[in-house]
Amino acid sequence: LKKPLCSTFLSSDLFLNSIDLAFISETWLPPDIPDSIIKINGYCPLQRDRGAANSDKKSGGGVCLYYKSCMHVMEFSPEGCEKFEILWAKVRYHSKLFVYAVAYFPPGANYGAELVNHLHDVTISLLSDNDVFSVTLCGDLNSLDISLLLSTEYNELFTGPTRRAAQLDRVLTTSDHLYDSAVTTKLTLQTDHLAIICAPKICLPPNKSKISFRDQRMRFKELFNKSMDETNFQFIERFTDPTQAMGAFLDYITDVYHFCCPLRTVVLTDRDPSYITPLIKYQMKQKYNALRKKNIQKADKYSESILVLIAESLRSNRGSKMGSKFTQKTIKPLISFSLLQLMRLTHIFRLFAQILQTEIAKLTLTIPTQIIWV
């Protein structure tokens, strides 16, 4: 994960495969890197880096867990885990408690039997707690002999090669009936290992956000400008107080803006691709409504518009981190624009010159250069 753009590639892998929990071994992260550096939008990281206590090597190794930001996850440390490269976490889902562990066993390490005994003892202890519903263990275990685990409480979800012809990566669980399938796939993240994706029978619901935005496409901006050109602003002259005049002026253009640039509301989820903007989601909704009414011609027009908007979104997102679009569109439900872009400053001065009884050249009325419309 310390390589350049790793978090970008990993973000796209997580979003494209709709991953709720991701376990990574051999992160190679040094201990002084904070979680904020490797954080991915929509996910939270837990990491356990290689230290002197759990390996003779100074670099490499390390494990990490990414979980959906809407999930309730808590890291815990069973007795003796500090000796190994392993991270334990509890996940609360409804009334059930699920325990996960991600481990890395380096090639040629001499503490294999001790690690297996640790995993076995902790699992037996956890399962004796009626609150724990399932325990799942995964990671790059290399040549670790896991026969003791398989002969007792664990079942293996996937068997097959994960690096060339060897099976180095394992996924063991005490509740294999919770999963539909487990398959391998090649990631965009640079690695010579295949990723194992396990599909649960019950998936977490997507994290939804209701977003309101102003539709400011060109035709709506042109409609606004046309309305401004056709407006007779003589009603401003009946005010003798500049403050009241400015207030009436701003109220009027605000009403025109609300009319010409309508407010749209859509629902975005953390499973939407990074290029999906609120406007694209709104267009997709309109296309679906047109198809329901069997208006194929109108639906085709929406399809053409959606393709153009997606292309623009991809161009604007090029070079930035994948997934950042979701954060950008959830934290900007307000639309801001420059007042000076709507009307020429001299035209506004002309409206208030008579009220202030001041020559336009000497007018010192302060006009806000930016307005945020709620």
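Cut-offs used in this document
- Residues numbered from 1 in each chain as written.
- Predicted model: local features only at pLDDT ≥ 70, side-chain atom pairs only at ≥ 80, totals over all residues.
- Heavy atoms only, no water.
- Core = buried A, V, L, I, M, F, W, Y, C linked by side-chain atoms within 4.5 Å.
- Buried < 20%, exposed > 50% of the residue type's maximum accessible area, 1.4 Å probe, protein only.
- Helix = DSSP H or I, 4+ residues; strand = E, 2+ residues; numbered from the N terminus.
- Contact = heavy atoms within 4.5 Å.
- Pairing = 2+ DSSP bridges.
- Polar contact = N/O pair within 3.5 Å; in protein donor to acceptor, adjacent residues only side chain to side chain.
- Axes fitted to C-alpha atoms, helices over the stretch in contact; angles between N-to-C directions.
- Left-handed = near helix turned anticlockwise from the far one by under 90°.
- Nonpolar A, V, L, I, M, F, W, Y, C, P; charged D, E, K, R; others polar.
- Salt bridge = Lys/Arg side-chain N within 4 Å of Asp/Glu carboxyl O.

J.: Sorry, what's going on with the nonpolar core here?
T.: Counting residues in each nonpolar core, the largest one holds 25 residues, and the members touching the most others are Ile86, Trp88, Leu126, Leu137 and Leu149. If you list the elements that add at least two residues to this core, you get strand 5 (85-93), strand 6 (96-104), helix 3 (112-127) and strand 7 (132-140). Element by element, the count of residues in this core is highest for helix 3, at five residues. Discounting residues that sit within four places of it in the chain, Leu149 has contacts with Val116, Leu119, His120, Leu137, Tyr154 and Leu172. Counting residues in each nonpolar core, the second largest holds 22 residues, with Cys44, Met71, Cys138 and Val171 among its members.

J.: What am I meant to see in the pairing of strand 3 (residues 63-68) here?
T.: Each regular strand displays side chains that alternate between the two surfaces of the sheet. Counted residue by residue, strand 3 has six buried out of six residues, so it is predominantly covered. Here strand 3 shows two buried faces, one formed by Val63, Leu65 and Tyr67 and the other by Cys64, Tyr66 and Lys68. Across five bridges, strand 1 (residues 21-25) lies against strand 3 in antiparallel orientation. For Ala22, the partnering residue across the bridge sits in strand 3 and is Tyr66. Of the pairings in the sheet, the one linking strand 2 (residues 43-48) to strand 3 comprises six bridges and is antiparallel in character. Residue pairing in the sheet places Arg48 in a bridge with Val63 of strand 3.

J.: What is the right way to look at helix 1 (residues 6-16) in this model?
T.: Along helix 1, nine of the eleven residues are buried, which leaves the element largely enclosed by surrounding structure. Those residues of helix 1 that sit buried are Cys6, Ser7, Thr8, Leu10, Ser11, Ser12, Asp13, Leu14 and Phe15. At its buried positions, helix 1 is contacted by strand 1, strand 2 and strand 3. One or two positions beyond helix 1, positive phi appears at Ser18, with a value near 50°.

J.: Where do I start with the side chain of Asn142 in this structure?
T.: Residue placement: Asn142 occurs in the loop between strand 7 and helix 4 (147-150). With a relative accessible area of 12%, Asn142 lands in the buried category. Among the polar contacts listed, one links the side chain of Asn142 to the backbone oxygen of Phe105, at a separation of 2.7 Å. Once you skip the residues sitting within four places of it in the chain, Asn142 turns out to touch Tyr104, Phe105, Pro106, Pro107, Gln167 and Leu168.

J.: What am I meant to see in the packing of helix 5 (residues 218-230) against helix 6 (residues 242-260) here?
T.: When two helices pack together, their arrangement is given by the angle between the helix axes and by the axis-to-axis distance. Where helix 5 meets helix 6, the closest approach of the two axes is 9 Å, and the angle between their N-to-C directions is 145°. Both helix 5 and helix 6 take part in a crossing whose hand is right-handed. Here Phe220, Leu223, Phe224, Ser227 and Met228 of helix 5 come into contact with helix 6, specifically with Tyr252, Ile253, Val256, Tyr257 and Cys260. Broken down by class, the residue content of the contact of helix 5 with helix 6 amounts to nine nonpolar, one polar and no charged.

J.: Could you clarify how one ought to interpret the pattern of salt bridges in this entry?
T.: Oppositely charged side chains can form a pair if their charged atoms are brought close together. The tally for this structure, following the rule as stated, stands at eight salt bridges. For the salt bridge of Lys68 with Asp20, the shortest nitrogen-to-oxygen distance reads 3.1 Å. With Lys68 in strand 3 and Asp20 in the loop between helix 1 and strand 1, this pair connects stretches of sequence that are 48 residues apart. This pair shows no difference in class: Lys68 is buried, exactly as Asp20 is. With a closest N to O distance of 3.4 Å, Asp215 and Arg264 form a salt bridge. In this pair, Asp215 is assigned in the loop between strand 12 (208-214) and helix 5 and Arg264 in strand 13 (residues 263-269), connecting sequence segments 49 residues apart. Arg264 carries the same exposure label as Asp215, and that label is buried. When salt bridges that share partners are traced, they join Asp215, Arg217 and Arg264 into one network.

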